[in-house]
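Now for the letters of each chain:
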Amino acid sequence: MLEAIRNWKQRRVLAQAAIPEPLWREALEWLPFLAIYTDAELARLRERVVLFLSQKSIVAARDFEVTPLMRVTIAIQACVLILNLDPRYYDGWENVIVYPDEFMTELEYEDEVGVVHRRHEPLAGEAMPRGPVILSWPDVEASADWSTAGMNLVIHEFAHKLDMRSGEANGCPPLPAEMPPRSWQKAMNAAFDHFRGRIEKGEETAIDPYAAESPAEFFAVLSEVFFADPTLLLHEYPKIYELFSWFYKQDPASRTELLLEE
Ligand SMILES: [Zn+2]
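Residues numbered from 1 in each chain as written. Predicted model: local features only at pLDDT ≥ 70, side-chain atom pairs only at ≥ 80, totals over all residues. Heavy atoms only, no water.

Break down the overall build of the protein chain for me, with residues and values.
Scanning the protein chain for helices and strands turns up 12 helices and 6 strands. For the protein chain, the spread of C-alpha atoms along the three principal axes comes to 55 × 50 × 45 Å. The buried share among the 262 residues of the protein chain stands at 45%. Pairs at least 24 residues apart make up 63% of the contacts formed inside the protein chain by residues separated by at least 6 positions. Accessible surface computed for the protein chain: about 13700 Å², of which carbon and sulfur atoms make up 52%. One way to put it: in the protein chain the 25 positive side-chain charges average out to a point 9 Å from where the 43 negative ones average out. (Helix = DSSP H or I, 4+ residues; strand = E, 2+ residues; numbered from the N terminus. Buried < 20%, exposed > 50% of the residue type's maximum accessible area, 1.4 Å probe, protein only. Contact = heavy atoms within 4.5 Å. Areas by Shrake-Rupley, 256 points an atom, 1.4 Å probe, with all protein chains shown as cover. Lys, Arg positive; Asp, Glu negative; His and termini not counted. Charge placed at Lys NZ, Arg CZ, Asp CG, Glu CD.)

Below, the structure written as structure tokens:
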């Protein structure tokens, strides 16, 4: 019964809150990595975006103004991760807050002897457990084109959001029953140690070295690569590519192959 009501509500939102075609087209042009998506995938993505926008508020911080194009481009990138997942994975929080620039945050951390330090640090993005996702618009804009930026801020923060479904981000999001967390952690830890070793040796990597920061950042950065430059992840860490294909229920590298055959 509840499922039937939910489906009915979804159909009503989809019928009433459609995204105008020119706005949708403009947003897609903004995100070149979507060029290889099939029409069927884009249609499903569009539905997910409409539902996302009906459930979340994308609001401006200070006197900034969030335009319809900004809202749609942010929502598209957020929904790329859950294209084939249960949209309820983003339940439990409401707002995306967009800043006109990098924002300051109070970071609190405890050192080895138990002293708590506070640090003021400008950030481009932040995801809070059960709280908002915060984004600096210029950084969203700069990272929309993977080929020039080599990073994607929105995908990064929303990967943290999936990870945070079980509390603090730790690089191991809640997994479907058929995948024991131990198998996930074993594969991720091995790849993380390997990547950190490369960074410590001073190797220049195509994958953002920020991934070596912690298992949580490794998961978020590699999720960016998985969606925006899937063949890079497939070549560098095939086991992680396989794990993510299973987790996200997508095989984005196969889209690239189709493109090469054309
Ligand atoms: Zn992060």
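Would you mind going over helix α7 (residues 153-163) in detail, with residue names and values included?
Burial analysis of α7 places 11 of its 11 residues in the buried class, which makes it a mostly covered element. Turning to α7, its buried residues number three or more, namely Leu153, Val154, Ile155, His156, Glu157, Phe158, Ala159, His160, Lys161, Leu162 and Asp163.

With reference to specific residues and values, describe the packing of aromatic side chains.
Scanning the model with the defined rule gives 23 aromatic pairs in all. Taking the centre distance of 5.9 Å and the plane angle of 20° together, the rings of Trp184 and Phe244 count as stacked. In this pair, Trp184 sits in helix α8 (residues 181-200) while Phe244 sits in helix α11 (residues 238-248), placing the two residues 60 residues apart along the sequence. Residue classification places Phe244 among the buried residues on the basis of a relative accessible area of 0%. (Phe/Tyr/Trp six-rings, centres within 6.5 Å; stacked < 30°, edge-to-face > 60°.)

Lay out the coordination of the zinc ion with the relevant residues and their values.
Bound to the zinc ion on the protein side are His156 (NE2), His160 (NE2), Glu217 (OE) and Glu217 (OE), at distances that span 2.1 to 2.7 Å. One chain supplies every donor for the zinc ion, spaced along it as H-x3-H-x56-E. Linking His156 with His160, this pair stays in helix α7, spanning 4 residues, or about one helical turn. Taking relative accessible area as the criterion, His156 reaches 7% and is therefore assigned buried. (Donors = N, O, S within 2.8 Å, 3.2 Å for Na, K, Ca; no water.)

So what's going on with empty space enclosed by the protein? Which residues, and what values?
The final tally for this structure, using the stated rule, is 1 cavity of 30 Å³ or more. Looking at the largest cavity, the residues that line it are Arg48, Leu51, Phe52, Gln55, Cys79, Ile82, Pro87 and Tyr90. The element contributing the most residues to the lining of the largest cavity is helix α3 (residues 39-55), with 4 residues. Class assignment of the residues belonging to the lining of the largest cavity gives a composition of 6 nonpolar, 1 polar and 1 charged. (1 Å grid on protein atoms, 1.4 Å probe; cavity = no way out; pocket = protein on both sides within 12 Å on 5 of 7 lines; lining within 4 Å. Points joined across faces, edges and corners; volume = space filled by probe spheres on them. Nonpolar A, V, L, I, M, F, W, Y, C, P; charged D, E, K, R; others polar.)

Give a description of unusual backbone geometry that names residues and reports values.
Phi is positive for Arg62, which is not a glycine, with a value near 55°. You can call Arg62 exposed: its relative accessible area is 60%. A positive phi angle, close to 55°, is found at Lys249, a residue other than glycine. When you line up the elements, Lys249 lands in the loop between α11 and α12 (252-261). Residue Lys249 is classed as partly exposed on the basis of its relative accessible area, which comes to 46%.

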